[in-house]
Amino acid sequence: MSDIGDWFRSIPAITRYWFAATVAVPLIGKLGIISPAYFFLWPEAFLYRFQIWRPFTATFYFPVGPGTGFLYLVNLYFLYQYSTRLEAELLMIPLIMSVLYVWAQLNRDLIVSFWFGTRFKACYLPWVILGFNYIIGGSEKVINELIGNLVGHLYFFLMFRYPMDLGGRNFLSTPQFFGTAGCPVGEEGCQGSVCPLLA
């Protein structure tokens with residue numbers, strides 16, 4: 001049983017919950033815990049009876065029966081196999097590159113080392129990595145890095161450059177809830193309602 005738990009925890013987060021819901025919702029309907037009629041997307045019930053769960057349950061429900069069981073298992077396999085790859089490739093690389101871009105801009109004058117002892121300012125690191133991956137893998141391999149750099153640039157501009165340097169509005173302020181989430185009431189270091197560690 002530990003092996004199944006380890007396997008399940010090794011699945012990337014979005015795919016893990018999508019997979020779990022795609023197993024749980026049809027199982028709940030098949031066992032009769034909740035009638036499958038409540039899982040279908042029925043527009044009248046959604047729009048006029050305020051049954052707002054229907055678009056979500058319809059996404060995960062599959063009518064499992066003697067004639068559809070194999071098709072259901074094949075779809076589960078495809079969901080696991082390809083969503084895991086997609087999440088790992090399309091989410092991981094741009095996320096890493098966007099965080100790297102923001103770090104490089106915040107530490108722009110720091111000298112960093114790259115392969116073969118090459119040294120340059122940190123602000124160039126995301127673009128050096130992009131160019132290096134282009135040389136190694138070609139143009140189709142750098143799309144994820146480019147997306148990450150562009151997202152990082154947009155975040156850096158809206159979070160730091162526009163409000164601080166250009167005097168504009170801060171569009172990306174942290175919600176108040178996150179500012180107080182890490183500080184218990186009366187905790188030393190928390191001033192007012194905002195935790196200085198998370199502010």
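The rules we used
- Sequence order as written defines residue numbering, which begins from 1 separately in each chain.
- Given that this is a predicted model, residues contribute local features only at a pLDDT of at least 70 and side-chain atom pairs are listed and counted only at 80 or more, while totals for whole chains, interfaces and linings are drawn from all residues.
- Hydrogen atoms and water are omitted, and side-chain values are computed over all heavy atoms in the structure.
- UniProt positions are given in the numbering used here, feature names are shortened, and annotations may be inferred rather than shown by experiment.
- By the criteria applied, helices consist of DSSP H or I runs no shorter than four residues and strands consist of E runs no shorter than two, each listed in order from the N terminus.
- Note on contacts: a residue pair qualifies if any of its non-hydrogen atoms lie within 4.5 Å across the two residues.
- What counts as a ring pair is set by centres within 6.5 Å for rings of Phe, Tyr and Trp (its six-membered ring), and what kind of pair is set by the plane angle: stacked under 30 degrees, edge-to-face over 60, tilted for all other angles.
- Here's how the labels work: a residue is buried when its accessible area is under 20% of the maximum for its type, exposed when over 50%, partly exposed in between, all with a 1.4 Å probe on protein chains only.

This part is about the UniProt feature "transmembrane region" (unreviewed entry) in the protein. The UniProt record annotates "transmembrane region" (unreviewed entry) at residues 17-40, 60-79, 86-104, 110-134 and 146-164. Strand forms 0% of residues 17-40 and helix 58%; the C-alpha atoms that close the span are 20 Å apart. A helix fraction of 100% and a strand fraction of 0% characterise residues 86-104, whose end C-alpha atoms lie 26 Å from each other.

On to the side chain of T15. Turning to its location among the elements, T15 is positioned in helix α2 (residues 13-30). Each residue touching T15, except ones within four places of it in the same chain, is listed here: L79, Y80, S83, T84 and E87.

On inspection of all chains with the given rule, the structure shows 17 aromatic pairs. Ring plane angle 50 degrees and centroid distance 5.3 Å describe the contact between W7 and Y80, whose orientation is recorded as tilted. Of this pair, W7 sits in helix α1 (residues 2-10) while Y80 sits in helix α5 (residues 69-106), placing them 73 residues apart in sequence. Relative accessible area serves as the criterion here: at 33%, W7 is assigned to the partly exposed category. With centroids separated by 5.4 Å and ring planes inclined at 90 degrees, the aromatic side chains of F40 and Y61 adopt a geometry described as edge-to-face. With F40 in the loop between α2 and α3 (43-48) and Y61 in the loop between α4 (54-60) and α5, this residue pair connects regions lying 21 residues apart in the sequence. The exposure class assigned to F40 is partly exposed, which follows from its relative accessible area of 43%. By the ring-pair criterion, three or more aromatic residues cluster together here, those being F114, W115, F116, F120 and F132.

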